[in-house]
Amino acid sequence: MRRERAKASAPGKVILWGEHFVVYGSTAVVTAIDCRVDVVCSLIGEGVSIRSGRAVCSKRGGVVRCSSSSAWRTLHPLMGLVEAMLSELGGADGVEVVISSDMPRGAGLGSSAAVSAATAKALSTLLGHELSPSDVKRWAMRAEQEIHGRPSGIDPHITTVGGTLTYRRPDTWEGIELPSSLRLLVIDTGERRSTGKLVEKVSRFAAENRTIFEELKAFYDELVKEALDTLKTLDLKRMGELMRLNQLLLRAVGVSTEDIERAVEVLQRSGAYGAKLTGAGGGGCVIAVAEDDELEKICERTSRAFPRVWVARCSEPGVRVEEE
Ligand code: MEV
């Protein structure tokens, strides 16, 4: 049944091991975290209007108006998604989309995929359709391809289904049941970057250093096998060591930065077993594992150097309709 208004939310994610290598067919391990994006869709007379904080873009009679060029850059892929969904699902002349998020954008936590998945869920609910998870993922992937160029599909996948899982492109995945709850430290370095550009940077590295890249990938493929074993018992110490090794590989392919290295070092010096960048790198967020009862203390110790540090809960649920 069509509604006047519908709300959905979707989680952010952290990649525990395997960013970038997943683009080349390796298995990555990813978990949904307790930072969510909310999207509210409402029927309006005509056209499409999208608002996220102070950024607004609207399209009426074929004319697009945006509050700034950065609003256009952030919101126009979503405009394409909303228009395509309206034309495929039908049932409305105009829609307003309002996004609110407690997740930093461009920081490796998958905020764009979460926004797209929550929009697909809220809009389809508004129009009286119940989309399957694979349909939500398909719509979110469409927007991700426009934003990032050549994504592996890991971000749309995890934000749709939630939990913790292994992912291999184009669409092979397996859920992981953790033996107990897992919390991690997350530092946002504050540096912003584009996933698409970093994926291109690694592709240049791989083309210019074929044999070395193959060796690094083979090293990663061994590492992830052991990483999966550590999850069976939540062996935090070994998980941390394998994160340190994964970080070395990411540094080797050129996606770490001085700020990331500093965050990794501060976390490890403050008591974490290991830390690594998460997502595309080039800035963004760093994650770390430590004993659960140490997390808040490490947060406190690192907050002087990195004020945007918090403890995130893993294995959160995927995209869902929120009844208001
Ligand atoms: C982005 O969260 C992870 C990357 O591996 C890109 C992708 O897999 O789409 C950098």
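Residues numbered from 1 in each chain as written. Predicted model: local features only at pLDDT ≥ 70, side-chain atom pairs only at ≥ 80, totals over all residues. Heavy atoms only, no water.

Asker: Could you clarify how one ought to interpret the overall build of the protein chain in this entry?
Answerer: Per the secondary structure count, the protein chain includes 9 helices and 13 strands. The C-alpha atoms of the protein chain give 20 Å as radius of gyration, which agrees with the globular expectation for 324 residues (20 Å, within 12%). With respect to the principal axes defined by its C-alpha atoms, the protein chain has extents near 55 × 45 × 35 Å. By the burial criterion, 56% of the 324 residues in the protein chain qualify as buried. For the protein chain, the proportion of contacts with a sequence separation of at least 24, taken over those separated by at least 6, is 74%. Surface summary for the protein chain: the accessible area is close to 14000 Å², and the carbon and sulfur share equals 48%. The centroid of the 43 positive side-chain charges in the protein chain is displaced by 4 Å from the centroid of its 44 negative side-chain charges. (Helix = DSSP H or I, 4+ residues; strand = E, 2+ residues; numbered from the N terminus. Rg over C-alpha atoms; globule rule 2.2 N^0.38 Å. Buried < 20%, exposed > 50% of the residue type's maximum accessible area, 1.4 Å probe, protein only. Contact = heavy atoms within 4.5 Å. Areas by Shrake-Rupley, 256 points an atom, 1.4 Å probe, with all protein chains shown as cover. Lys, Arg positive; Asp, Glu negative; His and termini not counted. Charge placed at Lys NZ, Arg CZ, Asp CG, Glu CD.)

Asker: Just checking my understanding: could you explain the packing of aromatic side chains for this structure?
Answerer: Where two aromatic rings form a pair, the distance of their centres and the angle of their planes describe that pair. In total, this model carries 4 aromatic pairs according to the counting rule given. Each ring, one from F21 and one from Y220, has its centre 5.2 Å from the other, and the planes form 5°; the classification is stacked. With F21 in the loop between β1 (5-17) and β2 (28-44) and Y220 in helix α6 (residues 210-233), the pair connects residues that are 199 residues apart, well separated along the chain. Relative to F213, the ring of F205 has its centre 6.4 Å away and its plane inclined at 70°; by these criteria the two rings are edge-to-face. The pair formed by F205 and F213 is uniform in burial state, with each residue classed as buried. (Phe/Tyr/Trp six-rings, centres within 6.5 Å; stacked < 30°, edge-to-face > 60°.)

Asker: Which parts of the structure should I look at to understand the environment of L223?
Answerer: With respect to the helices, strands and loops of the structure, L223 is situated in helix α6. Taking the C-alpha atoms as reference points, L223 and L242, 19 residues apart in sequence, are found 6.8 Å from one another.

Asker: I'm lost on the domain arrangement of the protein chain in this one. Help?
Answerer: By a widespread convention, an interface's size corresponds to the accessible area lost as its parts come together. Each assigned domain of the protein chain is listed here: domain 1 (5-176) and domain 2 (183-313). Relative placement of domain 1 and domain 2: their C-alpha centres are 25 Å apart. Across the boundary between the two partners, domain 1 contributes 30 residues, which contact 42 residues of domain 2. Looking only at domain 1, the three residues that lose the most surface to domain 2 are W17, H20 and F21, adding up to 29% of its buried area. Linking domain 1 to domain 2 there are 1 salt bridge. E19 is the partner of K276 in a salt bridge, and the nearest nitrogen-oxygen pair spans 2.9 Å. Of all the secondary-structure elements, those providing two or more residues to the side of domain 1 that touches domain 2 are β1 and β2. (Domains from an automatic or database assignment. Buried area = accessible area lost by both parts, 1.4 Å probe. Salt bridge = Lys/Arg side-chain N within 4 Å of Asp/Glu carboxyl O.)

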